[in-house]
Amino acid sequence: MVEQQPRRVRRTVFIGLGGTGNEIVRRIKREMLTHGYNLPLFQYLVLDTVSFEEAPGMDEHMQIRNGEEYLYIGGYNPNEVLKHLENWPIIGRWWGNRNTTNLVTVDEGAGQMRSVGRMGFFYHFHAIEAQFQRIAFEITNATNRQQARAQNYEISGNSPIIYVIFSLCGGTGSSLFFDVAYVMRHLLKFTEKPIVVGIALMPGPYVNRINSRPQKTRLQANAYAALTELERLHNMAMGIEPRPDGRNLWNVDYSTNFQVASPELPFDYIYLVDNVTAGGETYDIDRVYTTTARTIFWLTAPPTAGKFWERAKNLSSKTLSSGGRTDNSGQKRFSIYSSFGSSTIKMDWSIERVRAILDNKVIDHIRQATPQRPQFLAWLTGPTTLFESVTSEQPAINPFPPDKALRPTGTYSNEIAIDEELEEYTVQYETALNNILRSPTWQRIRNKYKNDLWLFIDTHIRESLCTRGPIAVQQEIVSIDERLSTLLAAIQEEAQKSNEDAARRQTSYEETRRLPRAHSQVELIGRAILEMITRIYILRAFRRQNTPEELRNIAESKAHQRHLWYNARFHALLYKDVADTIIKPALVYLSERKALLADVDEMLEARQSRNLDKLKRPRNIRREQMSMDMLRPRHDEQKQVTAAQDNGLLHLERSIITMQYELFEDWPRMSGEVKTMLETAMNETVQDMLTSLDNAEHILERMTNNGRDVLKQRTTFLQGAECLWNITTDTDQELTAHVETIDLLGFGADPYQQISTEDLADLAQEELFRNYAAKPECIPTDFSTELGYIKTSHGVLISSIRYIHELQRAYHEMSTLRNAPYLHIDYSDAVRKGYSPLVATSITYREIITEWEEVADRLENYHSTIGREVRTTIHTYRWDLQQLASPPDEDERVVIGEPDDPIFELILKLREIILPLQQTPALADALMKLVDFNILLATQGWMECVPPELHSPYDAHSQEIRKEVRLTSLPPGQVIFVVMSAYQHRSSNMFRKAGVFVSVDR
């Protein structure tokens, strides 16, 4: 059997945040377990504000343990937290001065509010920290490493990898990823510096299945807000923006005794996952989840992972030393963003199914082997034969055989003399009987027969095990047991008959004896005197004296009867001893030998049942797997095995007998339990049989077949690995040229396939990727029926995101029209200043004027007065531009350098006209144009300040009264409507006041 090489693995943690993280982490776990990677060095954790739930019938490999692998961090009311913010100073530091309204109670999600979702991390921090500590212990624990090595794993000495998986769009995962990354870095910084990888899903997979425009806008705005927070850290790391304390990028208190202050970025790698591939194919959400999980698997466990990380550490795009790159607008940015894609295809052929078929054939052969009748030793045919055999071995065993029986000698005066002589014979016979079993001769003979019988048992069992197997031999053991048990019963019956015969002869002897057995010499003398007197005086007259000849005959007869008594005693004695010392021990010995084979049949039956389950089980096709992921072989497993037998390549019976001889040739001196040793031997034999299946087609051979039956699947496989690309197709070619790629093809080969990995690599490069200029690096794995094609791209700029402008518009729409202060996790003034635009927007003065004139035209159809007001405002703006000291050309790009720039007045006036109106579809275009002003201002460096709270006192320092409204319900000087928030320039700190309506009492 070919020795399996150790699997080299790297300690890895998979942390899923929110619903997206939950879905993907479960799929990752399934990939890991179904491929045999089940170690405590791989840790899984989901943090979510939705209660734990697993659907009935969920794949067991996707199930995670509640409370350990799933942590519920909901169950809090943010309104109560904010009411008592003095009790939560750690939350107050990042909550900032944003307005608060009725917030959702976090029971089943964070309502897509990022700042609300982040509260859960601080609210449940002690429970989260405990789980993080547990995970850190598991992946650094020396015992877990030793156990992995014992299971034939080689543990990489490299730093552990932590995957943080989340969506940028929701309220939970999008709000937690910074904190999770930094806290995990902090916990491991004193032992091993981890590699932290962010897997961020973009809005694409979600907005495609949502019909509600407001909800789509919120998802896109959340994503943009999260990306601006990432970019803020990148800009500080590159020195574009200052670090708050001069050193750290991140400085957050999580509890009174847990602070993270780090100069490092949260992620070493960030993958942005979209639902549209580089080839333009759109994936649904389930396929995005599955592709993401599958790609992470291939970058974690198989040898493709080792090669990937070896190459990834040399990527220049992820290093700050590269200094970043300038995007199309001239803004320098850190090109850390990456994307990936993967495609797998499996042969609808399983080595495990072949093993199951071969294994069942071995089991059938063993279980159906015909038992044979044992060739018993000749002396086991019956008790008489056995007795004669053992007594004829050594004549000296019986000191008084018939020819040596004690006989009368001399003459006798009377019968008393005869009886006296018979008493002497009896003493000699009893002495001989007492010494027989202790005699060395008998013990030698007894041991010889015992050993011969045991040798017969072992020899027969060994020969039967080697030729017919353990099931047939158990039936043959039953035959031997039956024969010995029958013989034992017969011997015991003969012993009983002999004892009864001896007892009868003893009784007869006692009745005819003239000299009764005395218990003392005095009693013997008294009885003799009494008998003599009786004979002389009473019977003498009536009795005739026996002649010497008659006395001689009486003596002969009585001596013969004494010998028959002795002979019966001798038979009974030997029968019993043979039963006790030869037959009974042999039965016990036989039972012990049978016990060595205990549970073998049950093991074979259970093993066969498992094999049948494998053969009946659907062939690894999962719900979200496309039919194109499975490749049909030219020959299925059963046909392949049958063909090997028909062609004489597979010698099943010979292999099984060889296995049995190798396993049982040393019977009974075996080093372990027969059941266990047989299982091991069967595994090795089945593995050896696989080498006979030379018609086993490798999946690469099948994929490069020119037949039409695989053409579509080959095309799907090759195209399916395209990156879930998230950059615009019209991105500047110079930027695209900086993108670094790592493409890998993972494949394996079992020894039975008799093809080297080198030949397979050549086949892949020359045939499968014949028309590809950039060919993937081929990496051997231990998956012989599965191909994994992984493509990664690195060095994408944030401004190259495919729909970055849509995200930007959604973000400013939420700020401008919906006054949503919950987009950012940190709303403190110092942090908000760093939320710079991700993409530049420019527009000419003429374009502004033209666009709003068109808006005025459309509004006149809705409301003529409103249309005229808008048109008048545009004309005023044009006039104001001409009054400037240096009037701009209307075809120039708009530049907003001063807080008194005419555009601020234009925005204020337009907002005064449009915002108070009832929101109708007719106003939608105008509202979006107002959003464009926010985008323009942000691009020009103007940061929107927190809007004044309604009903707060008017502040002349930061606010400009645009209108006074008489209200009796409010005291005078109260802000009743915010036309426009104040703006502050990020670099110059110039300030533009907010425009407000104020209450008056006159």
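The chain carries the name Tubulin like in an unreviewed UniProt entry, which gives Reticulibacter mediterranei as its organism.

By the secondary structure assignment, Phe904 is in helix H31 (residues 902–914). Judged by its relative accessible area of 0%, Phe904 falls in the buried class. For the pair Phe904 and Leu937, spaced 33 residues apart in sequence, the C-alpha separation works out to 9.4 Å. Contact partners of Phe904, with chain neighbours within four places excluded, come to Ile896, Glu898, Pro899, Leu937, Trp942, Met980, Tyr983 and Arg992.

What tends to happen in soluble globular proteins is that the nonpolar side chains get buried as a cluster. Of all hydrophobic cores here, the largest spans 106 residues; its most connected members are Leu453 and Ile583. Setting aside anything within four residues of it in sequence, one finds Ile583 in contact with Leu386, Leu453, Leu484, Leu487, Leu488, Ile491 and Val578. Core analysis: the second largest hydrophobic core is formed by 85 residues, Ala136, Ala226, Ala237 and Tyr811 among them.

The next thing to look at is the state of the cysteines. Disulfide: a covalent bond connecting the sulfur atoms of a pair of cysteines. For the structure shown, the criterion picks out zero disulfides. With no disulfide partner, Cys723 has as its closest neighbouring cysteine sulfur the one in Cys778, 18 Å distant.

Turning our eyes to something else, we now look at helix H10 (residues 285–298). The terminal C-alpha atoms of H10 lie 20 Å apart, and with 14 residues this matches the ideal 20 Å at 1.5 Å per residue to within 8%. For H10, a buried count of 13 out of 14 residues is recorded, marking the element as mostly surrounded by other parts of the structure. A side-chain oxygen of the first residue of H10 lies 3.3 Å from the backbone nitrogen of Asp286; this N-cap is Asp284.

With that settled, the discussion passes to the pairing of strand S6 (residues 161–167). With seven of its seven residues buried, S6 lies for the most part within the structure. Note that strand S2 (residues 12–17) and S6 share five bridges and pair parallel. Paired with Phe14 across the bridge in S6 is Tyr163. Where S6 lies against strand S7 (residues 195–201), seven bridges are found, and the strand directions are parallel. Considered in S7, the bridge of Ile161 is made with Ile195.

Our next topic: the UniProt feature "transmembrane region" (unreviewed entry) in the chain. UniProt's feature table lists "transmembrane region" (unreviewed entry) at residues 161–184, given in the numbering used throughout. Between the C-alpha atoms that bound residues 161–184 there is a distance of 11 Å. The span itself is 50% helix and 29% strand.

Once that is clear, we can look at the sheet that holds strand S21 (residues 983–985). Taken in spatial order, the three strands of this open sheet run S18-S21-S22, and their pairing is antiparallel. The open sheet has two free edges, formed respectively by strand S18 (942–944) and strand S22 (991–992), since each of these has just one partner strand.

Residue placement: Asp481 occurs in helix H16 (residues 470–512). In this structure the C-alpha to C-alpha distance between Asp481 and Leu587, which are 106 residues apart in sequence, comes to 6.5 Å. When near neighbours in sequence (up to four residues on either side) are disregarded, Asp481 contacts Leu587 and Leu590.

Parameters at a glance
Residues numbered from 1 in each chain as written. Predicted model: local features only at pLDDT ≥ 70, side-chain atom pairs only at ≥ 80, totals over all residues. Heavy atoms only, no water. Helix = DSSP H or I, 4+ residues; strand = E, 2+ residues; numbered from the N terminus. Buried < 20%, exposed > 50% of the residue type's maximum accessible area, 1.4 Å probe, protein only. Contact = heavy atoms within 4.5 Å. Core = buried A, V, L, I, M, F, W, Y, C linked by side-chain atoms within 4.5 Å. Disulfide = S-S within 2.5 Å. Expected span 1.5 Å × (residues − 1). Polar contact = N/O pair within 3.5 Å; in protein donor to acceptor, adjacent residues only side chain to side chain. Pairing = 2+ DSSP bridges. UniProt positions renumbered as here; feature names shortened; annotations may be inferred.

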